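Tertiary structure, described
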Amino acid sequence: MPQLSTPRAGDLGGAGPQPVRRVAVLGSSGFVGRAVVAALSSQGVEVQPVRAPRLSWPLAQALRVDAVPSGLDEEVVAELAEHLHGAQTVINTAGLPDGSALDSAELYGGNALLPTLVARASALVNAQRLVHVSSAAAQGPMALDETPRTMPFSPYSRSKAIGERMLRREDCVDTVIYRSTWVHDVDRPNTRALIRLAQSPMSCVAGDGDAPTPQVLIEDVVASIVHLGLVSGPVPPIVLQPPNGMTTGLLLRLLGGREPRHLPPLLAWYATSFVNAYGKTSLRANAHARRVDMLLFGKRQAPGWLAEQGLAPQLRPEAWERLRTAGTSLAPTPGADAVARPRTGDSQPRDIDESAAERSSRADATRGI
């Protein structure tokens, strides 16, 4: 990793470039976007919500090119630029976050094409930086790090990987790709599903349960995104959410309130081999298989640049226990019967003034895991 000299969050008022006063946020009505807007506002930053256009981009087109054609969707770029005008930093949290989604033109439009168009629009208004919220799912079964390497295992992860690849081809604006890991909050269907699993007889881990697993709280993700958006000086092109020390066994203990079953590693391996065989039947099935594998065996990741800056989050077991007590008081969500997956932004790009009823209806349609 290149040696960089970027100030920490507490040094933002020091010498150097003027502090960021105005930030545009795409996807501000989504899960991550809402939290980012609240955090920026609490720091006195003027937030500029921007409508994320609904885009369609067939997979066949996305796979045929190494970069987004220069003339593609020029009208969309121009319209975005009008709404981004005046923003010093642009944060893109928009996209379609359904980890079990099937291949669709909307999936690749929102996750693969939109980031590049946002970058071009940001360049037109001379924004200082673009922070694009991607997903660690783009790296699939490999150990997580901050390299450009990806290994998609589902339509969702492939759409995120293509979005990263296309965005890296753009050199029109200073861009950082932020890879979120698996995010939890009390009102997330996936978190509540994981809580139910942790409290069920199916709660189990391989061996001692001391394998690391990249599970984080929404406030940790937001702190990373806001830091990347406000910090002065250079940042790496790809940044991974730092780990908090969570392990497979501790996760299930905190969310389940009891000790999970400990399977002999060999037995757990045989069990997951059957699940992985099922996963080979389709990319969507493979997404489910990867989640089971991560619950049992965890996933390793590099600490990353944010950790080097002293911004690795604390584990805070009491916060995870609060998730359990709050989550069990909520009614189960139909269809939310699997474990957590990455979600970044809106369920699909949509207007920020969409009504609560419309958001609820749309969430119900995309909630299946």
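The sections below set out a description of the structure shown in this document. (Residues numbered from 1 in each chain as written. Predicted model: local features only at pLDDT ≥ 70, side-chain atom pairs only at ≥ 80, totals over all residues. Heavy atoms only, no water.)

1. Topic: the overall build of the protein
The following threshold applies: A run of H or I in DSSP counts as a helix once it spans at least four residues, and a run of E counts as a strand once it spans at least two, with each numbered from the N terminus. Three labels apply to residues, based on accessible area from a 1.4 Å probe with only protein chains included: buried if under 20% of the type maximum, exposed if over 50%, partly exposed otherwise in between. Contacts: residue pairs with any heavy atoms within 4.5 Å of one another. To be clear on the numbers: accessible area is Shrake-Rupley with a 1.4 Å probe, and residue cover counts the displayed protein chains and nothing else.
Scanning the protein from N- to C-terminus turns up 13 helices and ten strands. Burial analysis of the protein (369 residues in total) assigns 55% to the buried set. Within the protein, contacts between residues separated by at least 24 positions form 85% of all contacts whose residues are at least 6 apart in sequence. Split by element, the accessible area of the protein, about 15100 Å² in all, is 54% carbon and sulfur.

2. Some thoughts on the packing of aromatic side chains
Rules: Note on aromatic pairs: the rings of Phe, Tyr and Trp (six-membered ring only in Trp) are paired at centre separations within 6.5 Å, and the planes decide the class, stacked below 30 degrees, edge-to-face beyond 60, tilted for the rest.
A complete count under the given rule lists one aromatic pair for this structure. Each ring, one from Trp269 and one from Tyr270, has its centre 5.1 Å from the other, and the planes form 75 degrees; the classification is edge-to-face. According to the relative accessible area criterion, Trp269 is partly exposed, its value standing at 49%.

3. A short note on the nonpolar core
Just so we agree on the cut-off: Only buried Ala, Val, Leu, Ile, Met, Phe, Trp, Tyr and Cys residues count toward a nonpolar core, and they belong to the same one when joined by side-chain atoms within 4.5 Å.
Membership of the largest hydrophobic core comes to 37 residues, with the highest contact counts inside it found for Leu26, Trp57, Leu80, Leu84, Val90 and Ile162. At the level of secondary structure, the elements contributing two or more residues to this core comprise strand 1 (22-26), helix 2 (59-64), helix 3 (74-84), helix 4 (105-124) and helix 5 (155-168). Ranked by the residues each element gives to this core, the list is headed by helix 4, at nine residues. Each residue touching Leu84, except ones within four places of it in the same chain, is listed here: Ala24, Leu26, Gln48, Val50, Val90, Val118, Ala121, Ser122 and Val125. Within the second largest apolar cluster, 30 residues are counted, among which are Phe31, Val131, Val226 and Val231.

4. A closer look at helix 1 (residues 31-42)
Threshold: Multiplying one less than the number of residues by 1.5 Å gives the expected span of a helix.
In this model, helix 1 (twelve residues) spans 17 Å end to end at C-alpha, consistent with the 16 Å of a helix rising 1.5 Å per residue. Where the residues of helix 1 are buried, they touch strand 1, strand 2 (46-50), strand 3 (89-92), strand 6 (182-184) and helix 7 (218-230). A positive phi of about 80 degrees marks Gly44, the residue just after helix 1.

5. So, unusual backbone geometry
With a phi close to 55 degrees, Asp73 is a non-glycine residue in the positive phi region. For Asp73, the position within the fold is in the loop between helix 2 and helix 3. A positive phi angle, close to 60 degrees, is found at Asn126, a residue other than glycine. Inspection of the secondary structure puts Asn126 in the loop between helix 4 and strand 4 (129-135). Overall, Asn126 belongs to the exposed group, its relative accessible area being 66%.

6. Topic: helix 5
Taking 1.5 Å per residue as the helical rise, helix 5 with its 14 residues ought to reach 20 Å, and the 20 Å between its terminal C-alpha atoms agrees with that figure. For helix 5, the tally of buried residues reaches twelve of 14 residues, placing the bulk of the element in the interior. Taken together, the buried positions of helix 5 are occupied by Pro155, Tyr156, Ser157, Arg158, Ser159, Lys160, Ala161, Ile162, Gly163, Glu164, Met166 and Leu167.

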